[in-house]
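Letter by letter, the chains look like this.
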Amino acid sequence: METLVYVAAAIAVAVPCIGAGLGIGSATSKALESVARQPEAGSEITKNLLLGCALAEATAIYGFVIALLIILLK
């Protein structure tokens, strides 16, 4: 029974982190392509990229908090 708690916590961390990593990687590649095509829009693209990356990282942090709650409140 206790092993399943740790498995659930691992899943709660892994899924959001994988999603955040894929999302940030995709957003970064598209931002670099956009800057390569229109260098004069680089500062605006960078602002939007950082906002999107922060939101994606927040999802991973929420998954980590849920995992901690699963372990601590078992």
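Before going into details, it helps to say that this report is about the structure given with it. (Residues numbered from 1 in each chain as written. Predicted model: local features only at pLDDT ≥ 70, side-chain atom pairs only at ≥ 80, totals over all residues. Heavy atoms only, no water.)

What follows concerns the overall build of the protein. Helix and strand content of the protein: two helices and zero strands. Expected size for 74 residues packed as a compact globule is a radius of gyration near 11 Å; at 17 Å, the protein overshoots this value by more than 25%. Every one of the 74 residues in the protein was classed for burial, and the buried ones make up 19%. At a minimum sequence separation of 6, the contacts of the protein that also span at least 24 residues come to 79%. Accessible surface for the protein amounts to roughly 5400 Å². Of this, 73% is attributable to carbon and sulfur atoms. (Helix = DSSP H or I, 4+ residues; strand = E, 2+ residues; numbered from the N terminus. Rg over C-alpha atoms; globule rule 2.2 N^0.38 Å. Buried < 20%, exposed > 50% of the residue type's maximum accessible area, 1.4 Å probe, protein only. Contact = heavy atoms within 4.5 Å. Areas by Shrake-Rupley, 256 points an atom, 1.4 Å probe, with all protein chains shown as cover.)

A few words now on the packing of helix α1 (residues 2–37) against helix α2 (residues 42–72). Where α1 meets α2, the closest approach of the two axes is 8 Å, and the angle between their N-to-C directions is 175 degrees. Classified by the interaxial angle, the pair formed by α1 and α2 is roughly antiparallel. For the contact of α1 with α2, the per-class residue count stands at 23 nonpolar, five polar and one charged. (Axes fitted to C-alpha atoms, helices over the stretch in contact; angles between N-to-C directions. Parallel < 35°, antiparallel > 145°, perpendicular 65-115°, else oblique. Nonpolar A, V, L, I, M, F, W, Y, C, P; charged D, E, K, R; others polar.)

This part is about α2. Taking 1.5 Å as the rise per residue, α2 with 31 residues should run 45 Å; its terminal C-alpha atoms sit 45 Å apart, in good agreement. Three or more residues of α2 are buried, namely Gly-42, Ile-45, Cys-53, Ala-56, Ala-60, Gly-63 and Ala-67. (Expected span 1.5 Å × (residues − 1).)

What follows deals with a nonpolar patch on the surface. Together, Tyr-6, Ile-61, Phe-64, Val-65, Ile-66, Leu-68, Leu-69, Ile-71, Leu-72 and Leu-73 give the surface a local cluster of nonpolar side chains, amounting to about 950 Å² of exposed area. The element contributing the most residues to the nonpolar patch is α2, with eight residues. Its location among the elements puts Ile-71 in helix α2. Using a relative accessible area of 30% as the deciding quantity, one classes Ile-71 as partly exposed. (Patch = residues over 30% accessible without salt bridge, like charges linked within 9 Å, V, L, I, M, F, W, Y side chains within 5 Å. Salt bridge = Lys/Arg side-chain N within 4 Å of Asp/Glu carboxyl O.)

What follows deals with the state of the cysteines. On inspection of all chains with the given rule, the structure shows zero disulfides. Between Cys-17, a free cysteine, and Cys-53, which holds the nearest cysteine sulfur, the sulfur-to-sulfur gap is 15 Å. (Disulfide = S-S within 2.5 Å.)

For the rest of this paragraph, the subject is the pattern of salt bridges. Here the structure, examined in full by the defined rule, presents one salt bridge. In this structure, the salt-bridge partner of Glu-2 is Lys-74, at a minimum N-O distance of 3.5 Å. Note that Glu-2 is positioned in helix α1 and Lys-74 in the segment after α2, a separation of 72 residues in sequence. Judged by relative accessible area, Glu-2 falls into the partly exposed class, the value being 46%.

From the geometry alone we can't say anything about function, so treat these as descriptive.
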